[in-house]
Amino acid sequence: MTKDILNLKGIKSTLAFLFILSLLQGAAIIMQAVMLAQGITNLFNGEKLSDQFLPFLLFAAAYLTRQVLVFFRDKWMNRFASESGTAIRRELLEKIFSLGPKFTQKEGTGSLVTMALEGVTQVETYLKLFLPKMLNMLLIPPMIVIYMFTLHPFSAGIVILVLPILIFFMAMLGIAAKRKADKQYESYQILSNHFVDSLRGLETLKLLGLSKDYDKNIRTVSERYRKATMSTLRIAFLSTFALDFFTSLSIAIVALFLGLNLMEGAILLGPALTILILAPEYFLPIREFGTDYHATLDGKNSMGAIGHILAIPKSDQISGQNALPAWSSEDHLAFSDLTVFHDESNHASLQDVSFSWKGYGKIGIIGASGAGKSTLIDVLGGFLTPDSCQVQVNGEWLSGFHAPSWQEQILYIPQHPYLFNDTVRNNILFYTPEAGEEALQAAIDKAGLREVIDSLPNGLDEKIGEGARMLSGGQEQRIALARAFLDDSRKILLFDEPTAHLDIETEYELKENMLPLLDDHLVFFATHRLHWMKEMDQIIVLNKGKVAEMGTHEELMMHKGHYQQLVQMQSGKMEETK
């Protein structure tokens, strides 16, 4: 049993409900056995069948009571598991979004999608099966064996002696099954990541003629998962065989000694029949628990993996009491000592970066590949928690950029904007579904989307995104720009290499559409295309994670430092410096 179960909402009331139901089930089982044994004994002693109405009526009542209890137990557990699964999925998704795209890239999109969908479903199955079977195993066998002691201590002693042997084999097989299930889950995560990646890049792989090679990779990972699954199933089947064998053996031993005692007159038929009927019921909760243990291992592993993500500490979002106001021309941002280390090494992606700015403005972030441009954008968007940073907005201290009142003001346009499997209209309106038709048409014109939409068979109602019509990189960026033009309430724009994958002609067309969007906003624009820098009010030049220099285009060119070298390298006019 994983400790994460104890943190679920409603777990105390559920455990109390299951505890009472298990006690009632135990009582019904004992009543059922006693009445059945009494009726059969009376008939064996020559009494009329018509005189056995009361024992058989009570037997039927106990049997029906047992079934009703199971019905209400299953209904309660279905509701509890469904509500818990919904809450876990919501909390997991909120956590993933709060941790940002860097975490998603590290863990793998396929793994996280599988965890949020199938993983949570497996957790629900785990809760439905594990909790009631666990309480039944803990309560019903002791109740039965105590009653057996009152009838025939020797028979009770036999089933008690067999129990440790049974538990020992369950434990040994359970440990082996857990190891196999852990490997199976790891293979499943790898398979999920490979599958999602292959779906995303299928068109590119086919164009490059690499789809068959990647097919071999998928086949190899799938085969590993198949072998892990079959290995786990072999352990599960072996466990079931061991449970059935030892329980059948113990019941046979009990029956043998009861028969000998009956022949010697050491026990009456009624108590002997009662014990013989109760013996299978004594082992039934243990057998069910052992069988369902293997069926719920995936759910336990999924719950552990989800709990690991949920346990990742959140940074304090804001130390002050007041939320940040909407960004305006009078607001002031300052951060200093911003440092980010790689997880796998002590190498700093960013080191001691400091910056301050007041009001609106266009801030260019440039540097060679690996200089830290995207890392800085991720920090500013709250997607990545720096190892150290001091941030102030209007004199209000923040422990980072995770503050909701900061993130709610941000529009983020990455290199590859995400298009949902939906119409062009709904993709543009995704962040502002309340926008009217006039505002939508204006955003389309500003983003230069009119010609693209007119070329589509269904216009704004054309389905795009994964599984539908694919758009070019420039068209995808225009969709992202249209979203940004529609939402004028967000005054902080983050661009992360938005034109890196576009050809020069497409980029210049987009530039004409993008420049009006940058006015009256605080813009952080990370790029390696230096022609944008003439439009910037301030330029941060990064070199190996540090700020090499800072200033306007003209100031930096006059300084003849690292920026000038980058400009000369990109223009192909690198000259020797004296």
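Numbering of residues begins from 1 in every chain and follows the order in which that chain's sequence is written. Local features in this predicted model are restricted to residues of pLDDT 70 or higher, and side-chain atom pairs are both shown and tallied only at a pLDDT of 80 or more, whereas totals for entire chains, interfaces and linings draw on every residue. Side-chain metrics in this entry use all non-hydrogen atoms of the structure; hydrogen atoms and water are not considered.

Visitor: Can you walk me through the sheet that holds strand 1 (residues 332-341) in this structure?
Guide: Through backbone hydrogen bonds, the strands of a sheet pair up, either in parallel or in antiparallel fashion. Two strands qualify as a pair provided DSSP detects at least 2 bridges between them. Helix and strand labels come from DSSP, where a helix needs a run of H or I of at least four residues and a strand needs a run of E of at least two; each type is numbered from the N terminus. With antiparallel pairing, the four strands of this open sheet are ordered in space as 2-1-4-5. With one partner strand each, in any of the chains shown, strand 2 (348-358) and strand 5 (396-398) form the two edges of the open sheet. Looking at each pair of strands side by side, their axes are set apart by 15° on average, direction ignored. With seven bridges joining them, strand 1 and strand 2 adopt antiparallel strand pairing. Opposite V340, over in strand 2, you have L350 as the bridge partner. Contact definition: two residues touch when any of their heavy atoms are within 4.5 Å. To define axes, lines are fitted to C-alpha atoms, for helices over the stretch in contact only, and angles between the resulting N-to-C directions are given on a 0 to 180 degree scale. Seen against the sheet, helix 10 (residues 373-380) touches strand 1 and strand 2 and runs at an angle of roughly 125° to strand 1.

Visitor: In this structure, what is going on with the pattern of salt bridges? I would like to understand it.
Guide: When the charged atoms of two side chains with opposite charge come close together, those side chains can pair. A pairing counts as a salt bridge when a side-chain nitrogen of Lys or Arg comes within 4 Å of a carboxyl oxygen of Asp or Glu. Applying the stated criterion across every chain, the model contains 14 salt bridges. In this structure, the salt-bridge partner of E462 is R469, at a minimum N-O distance of 3.1 Å. Of the charged contacts, one joins E509 and R478 as a salt bridge, the two residues approaching to 3.3 Å between their closest N and O atoms. Of the two residues, E509 sits in helix 16 (residues 504-518) while R478 sits in helix 15 (residues 473-486), which places them 31 residues apart along the sequence.

Visitor: Which parts of the structure should I look at to understand the packing of aromatic side chains?
Guide: What describes a pair of aromatic rings is the distance from one ring centre to the other and the angle between the planes of the rings. Aromatic pairs are defined between Phe, Tyr and Trp rings, using the six-membered ring for Trp, whenever the two ring centres lie within 6.5 Å; interplanar angles under 30 degrees are classed as stacked, those over 60 as edge-to-face, and all others as tilted. Counted according to the given criterion, the structure contains 17 aromatic pairs. Their ring planes at 70° and their centres at 6.2 Å tell us that F355 and F524 sit as a pair that is edge-to-face. Of the two residues, F355 sits in strand 2 while F524 sits in strand 10 (residues 522-526), which places them 169 residues apart along the sequence. With a 1.4 Å probe rolled over the protein chains alone, any residue whose accessible area is under 20% of its type maximum counts as buried; one over 50% counts as exposed, and the rest are partly exposed. Judged by relative accessible area, F355 falls into the buried class, the value being 4%.

Visitor: Would you mind showing me how to read the sheet that holds strand 10 here?
Guide: Strand order in the open sheet formed by six strands is 6-9-10-3-11-12, and the pairing between neighbours is mixed. The two strands at the open ends of the sheet, each matched to only one other strand, are strand 6 (410-413) and strand 12 (546-551). Averaged over all adjacent pairs, the angle separating strand axes in this sheet is 15°, with direction ignored. Where strand 11 (residues 538-543) lies against strand 12, five bridges are found, and the strand directions are antiparallel. Paired with I540 across the strands is M550, a residue of strand 12. Across the sheet, helix 15 touches strand 6 and strand 9 (492-496), and the angle it forms with strand 6 is around 175°. Of the strands in this sheet, strand 3 (361-367), strand 9 and strand 10 touch helix 16, which is tilted by about 150° from strand 9.

Visitor: Where do I start with the pairing of strand 11 in this structure?
Guide: The two faces of the sheet receive side chains in turn, since in a regular strand these alternate between them. Burial analysis of strand 11 places five of its six residues in the buried class, the great majority of the element. Bridge analysis of strand 3 against strand 11 gives five bridges, and the strand direction is parallel. The residue bridging I363 from the neighbouring strand is Q538, located in strand 11. Between strand 11 and the antiparallel strand that follows it, strand 12, lie two residues; K544 among them carries a positive phi value of about 55°.

Visitor: Before we go on, may I ask you to explain the confidence of the model for the chain in this structure?
Guide: Close inspection of predicted coordinates is inappropriate in any region flagged by low pLDDT. Here the chain averages 82 in pLDDT, while 83% of its residues score no lower than 70. Mean pLDDT values over the elements of the chain span from 63, in helix 6 (residues 202-208), up to 94, in strand 10. pLDDT: the predictor's confidence for each residue, scored from 0 to 100. Across residues 316-321 the pLDDT falls below 50, and counting only partners more than four positions away or on other chains, this stretch makes 16 contacts in the model. The model gives residues 573-578 a pLDDT under 50, and that stretch makes five contacts with residues more than four places away or in other chains.

Visitor: How should a nonpolar patch on the surface be read in this particular structure?
Guide: Patch members must show over 30% relative accessible area and no salt bridge, and they are joined within 9 Å when carrying like charges or within 5 Å when they are nonpolar side chains of Val, Leu, Ile, Met, Phe, Trp or Tyr. Only the protein chains shown count as cover for residues, with accessible areas throughout obtained via the Shrake-Rupley method and a probe of 1.4 Å. On the surface, M31, F53, L54, L57 and L58 cluster together into a nonpolar patch covering about 480 Å² of accessible area. Ranked by residue count, the leading element in the nonpolar patch is helix 2 (residues 53-99), at four residues. Summarising the element assignment, L58 is placed in helix 2. When its relative accessible area of 32% is taken as the criterion, L58 is described as partly exposed.

Visitor: Is there a simple way to explain the layout of surface pockets in this structure?
Guide: Empty space among the atoms can be located by rolling a probe the size of a water molecule over them. Of the two site types, the cavity is a set of points on a 1 Å grid over the protein atoms alone where a 1.4 Å probe fits but cannot get out, and the pocket is an open set with protein on both sides within 12 Å along at least five of seven lines, each lined by residues with an atom within 4 Å of a point. Grid points are joined across faces, edges and corners, and a volume is the space filled by probe spheres set on the points. Here the second largest pocket defines a volume of roughly 420 Å³. Along the walls of the second largest pocket sit 19 residues, with N7, L8, K9, S84 and I88 positioned nearest its centre. Elements represented by at least two residues in the lining of the second largest pocket include exactly helix 1 (11-44), helix 2 and helix 9 (297-310). Among the elements that line the lining of the second largest pocket, the one with the most residues is helix 2, at eight residues.

Visitor: I would appreciate a short explanation of the environment of T114 in the present structure.
Guide: Within the secondary structure, T114 is located in helix 4 (residues 109-151). A relative accessible area of 17% means that T114 is categorised as buried. Considering only alpha carbons, one finds T114 and S302, 188 residues apart in sequence, at a separation of 9.7 Å.

Visitor: Just to check I follow, could you spell out the nonpolar core for this structure?
Guide: Taken as a class, soluble globular proteins show a tendency for nonpolar side chains to be buried jointly. Counting residues in hydrophobic clusters, the biggest one holds 43 residues, and the most contacted among them are I428, L481 and F495. It is helix 15 that contributes the most residues to this core, seven residues altogether. If sequence neighbours within four positions are ignored, F495 has contacts with I377, I413, L481, M514, L517, L518, V523, F524, F525 and A526. As used here, the term nonpolar core means buried Ala, Val, Leu, Ile, Met, Phe, Trp, Tyr and Cys residues forming a set that is joined through side-chain atoms within 4.5 Å.

Visitor: Is there a simple way to think about the packing of helix 13 (residues 437-446) against helix 15 in this case?
Guide: Geometry of a packed helix pair, given as the angle between the helix axes and the separation of the axes. The N-to-C vectors of helix 13 and helix 15 enclose an angle of 130°; their axes lie 8 Å apart at closest approach. In terms of their interaxial angle, helix 13 and helix 15 are classed as oblique. Classified by chirality, the crossing of helix 15 by helix 13 is right-handed. When helix 13 is examined against helix 15, the residues A439, L440, A443 and K446 are found in contact with a partner set consisting of A482, F485 and L486. With respect to orientation, any angle under 35 degrees is reported as roughly parallel, any angle over 145 as roughly antiparallel, any angle of 65 to 115 as roughly perpendicular, and every other angle as oblique. For any helix crossing, the convention is left-handed if the near helix is rotated counterclockwise from the far helix by under a right angle, and right-handed if that rotation is clockwise.

Visitor: When you look at helix 16 in this model, what are you seeing that I'm missing?
Guide: It helps to recall that an α-helix has 3.6 residues per turn; residues three or four apart then point in one direction. For a helix, the expected span equals 1.5 Å multiplied by the number of residues minus one. Its 15 residues give helix 16 an end-to-end C-alpha distance of 20 Å, which sits within 8% of 21 Å, the value for a rise of 1.5 Å per residue. Bend angle per residue: angle between axes fitted to the 7 residues ending at that residue and the 7 residues starting there. The largest bend along helix 16 measures about 35° and falls at E512, with the proline P516 one to four residues further on. Considered for burial, the residues of helix 16 that qualify are T506, E507, L510, K511, N513, M514, L517 and L518. Lining the buried residues of helix 16 we find strand 3, helix 13, helix 15, strand 9 and strand 10. Looking at the residues trailing helix 16, positive phi occurs at D520, about 55°.

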